[in-house]
Amino acid sequence: MTFLAPAAHRAAFLPLRLPRAVALLAVGLVLSAPPALAQFGPQGPPAVGVLAVERRPVTESTEFVGRVEAQDRVDLRARVTGFLQERPFREGQEVTAGQVLFRLERPPFEAEVARARATVASAEAELQNANSALARARDLVRSSAGTQVNVENATAAQRTAQATLLGAQAQLRVAEINLGYTDIATPFAGKVGRATFSVGAVVGPSTDPLATVVSQDPMRVAFRVNLRTGTELRDRYASRGGAEATRVRIRLVTGQIYNQVGRIDFIDTQVDRNTDTVLVRALIPNPPRGANNSDGSVDRELIDGMFVNVTVEGAEPVQAVVIPRSAVLQDQAGNYVWVLDAENKPARRPLVLGRSIADQVVVESGLETGERVVVEGVQRVRPGQAVQPGPATAPIRAPGAAPAGRQG
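Rules of the game
Residues numbered from 1 in each chain as written. Predicted model: local features only at pLDDT ≥ 70, side-chain atom pairs only at ≥ 80, totals over all residues. Heavy atoms only, no water. Phe/Tyr/Trp six-rings, centres within 6.5 Å; stacked < 30°, edge-to-face > 60°. Helix = DSSP H or I, 4+ residues; strand = E, 2+ residues; numbered from the N terminus. Buried < 20%, exposed > 50% of the residue type's maximum accessible area, 1.4 Å probe, protein only. Lys NZ or Arg CZ within 6 Å of the ring centre and 35° of its normal. Pairing = 2+ DSSP bridges. Axes fitted to C-alpha atoms, helices over the stretch in contact; angles between N-to-C directions. Parallel < 35°, antiparallel > 145°, perpendicular 65-115°, else oblique. Left-handed = near helix turned anticlockwise from the far one by under 90°. Nonpolar A, V, L, I, M, F, W, Y, C, P; charged D, E, K, R; others polar.

1. Looking at the packing of aromatic side chains
Aromatic rings in a pair are described by how distant their centres are and how their planes are angled relative to each other. Tallying each qualifying case throughout the model produces three aromatic pairs. When the ring of Phe64 is compared with that of Phe223, the centres are 5.4 Å apart and the planes differ by 25 degrees; the resulting orientation is stacked. Within this pair, whereas Phe64 is found in strand E3 (residues 61-70), its partner Phe223 is found in strand E12 (residues 219-226), the two being separated by 159 residues in sequence. Phe223 carries the same exposure label as Phe64, and that label is buried. Ring geometry for Phe89 against Phe102: centres 5.2 Å apart, planes inclined by 75 degrees, an arrangement best described as edge-to-face. Pair noted here: Phe89 is in the loop between strand E5 (82-86) and strand E6 (94-95) and Phe102 is in strand E7 (residues 100-104), with a separation of 13 residues, a long-range link. The burial state of Phe89 is the same as that of Phe102; both residues are buried. Geometry around Phe307 places Arg67 over its ring, the cationic atom sitting 3.8 Å from the centre. Its end group placed over the ring of Phe89, Arg87 keeps NZ or CZ at 5.9 Å from the ring centre.

2. A look at the pairing of strand E20 (residues 346-350)
Two strands pair when backbone bridges link them, and strand E19 (residues 334-340) and E20 are joined in this way by five bridges, in the antiparallel orientation. Each bridged residue has a counterpart across the sheet, and for Val339 the counterpart in E20 is Ala347. Connecting E19 to the antiparallel partner E20 that follows it, the hairpin turn spans five residues, and Asn344 within it adopts a positive phi of roughly 65 degrees.

3. Considering the packing of helix H3 (residues 107-142) against helix H4 (residues 148-180)
At a closest axis distance of 8 Å, the pairing of H3 and H4 adopts a crossing angle of 165 degrees. When the interaxial angle is binned, H3 and H4 end up roughly antiparallel. For H3 against H4, the interelement crossing comes out left-handed. Here the residues of the contact of H3 with H4 are counted per class, giving 20 nonpolar, 11 polar and seven charged.

4. Some remarks on the sheet that holds strand E11 (residues 211-214)
Through backbone hydrogen bonds, the strands of a sheet pair up, either in parallel or in antiparallel fashion. Judged by pairing direction, the sheet is antiparallel, and its four strands sit side by side in the order E4-E11-E9-E6 without closing on themselves. For this open sheet the edge positions go to strand E4 (73-76) and E6, each flanked by a neighbour on one side alone. Across two bridges, the pairing between E6 and strand E9 (residues 190-192) is antiparallel. Bridging from a neighbouring strand, Glu94 pairs with Lys191 of E9.

5. A word on the sheet that holds strand E8 (residues 183-185)
Spatially, four strands are ordered E8-E7-E5-E10 in an open sheet, and the strand pairing comes out antiparallel. Both edges of this open sheet fall to E8 and strand E10 (202-203), since each of them pairs with a single strand only. Note that E5 and E7 share two bridges and pair antiparallel. Within E7, the position partnered with Glu86 by the bridge is Arg103.

Below, the structure is given as structure tokens:
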């Protein structure tokens with residue numbers, strides 16, 4: 001007996017009997033159907049952050065590598081030979097101008113002064129006798145009791161006695177000078193370094209320096225500027241007073257900006273032929289740092305010979321176009337930004353950039369005041385495709401306070 005299913009049931013089981021190719025075709029149609037998102041239509045223009053171009057005060061700066069130098073430096077030497085009798089100072093202390101730092105044994109030089117004085121006294125007596133003899137010879141000639149030859153001989157003796165006295169006086173002066181050399185003093189105020197000799201040592205003109213004294217305030221900062229950068233600096237500040245329109249700041253090895261401002265006081269008149277650079281020196285204050293130590297010594301920030309980073313900056317800020325560095329793109333043609341027109345369509349604008357200031361950059365040419373520059377979302381911008389502009393989330397800062405400068 002054959003079982004026949006009802007028509008409805010046969011219809012339900014119909015897909016089970018379809019050919020395999022038809023079933024696969026149905027699955028493919030289902031998978032290729034457009035997603036539900038397409039039902040909502042196309043998306044709007046991409047959102048970007050824009051900034052209106054305007055001029056802001058900018059402190060121009062250029063950075064170099066320099067070295068701190070003492071304005072005055074002297075090696076103290078013994079100018080006469082003798083035993084070192086006294087060393088009335090402490091190594092590393094600050095000293096005043098004219099302060100005695102070394103004292104040699106004095107008795108031998110005092111004895112030489114006494115001997116020279118005795119020689120002067122003897123020469124004075126001989127000269128006095130010669131003057132008397134010359135006067136008598138002249139009197140005898142006038143009374144016809146003497147001869148002219150006696151007068152001439154007395155005159156020669158008197159002149160010889162005068163020369164002898166002058167020589168004795170010169171020897172006395174030399175002895176007094178040598179006696180003064182037994183006290184070795186510093187010619188200027190500063191800090192004295194390590195003493196080379198101890199008390200009791202024999203020192204003289206041929207021995208090593210006794211100690212070195214360097215001035216402390218102000219200090220010099222010497223740095224070299226290549227000829228191209230030096231020419232740019234000269235042209236930049238020529239109309240504003242030259243070196244007087246600049247100021248010098250230094251960054252210490254710790255990365256800290258020194259709290260004193262210096263000024264350029266010397267530019268060399270010759271170019272180094274080996275490096276094509278010009279030597280520039282600036283004076284910068286070096287006041288005491290805090291109160292004196294318990295031992296009376298003084299601490300100062302700058303030390304003779306230390307390396308520092310030198311920043312030469314304009315004394316007065318200048319007005320310049322400044323934009324965030326993130327807005328600047330670069331390709332083989334150079335630097336450029338996206339500028340929006342009245343229809344919010346971006347256009348490529350090539351730029352000539354100046355110096356970087358922290359995370360911002362100075363635009364020397366390429367942008368005008370009032371133009372809108374894309375500073376955020378630049379990766380979503382396409383040429384000629386309208387965008388949805390909005391204010392930048394991080395507005396540009398006034399760049400004049402802490403410039404970073406560029407390497408010279």
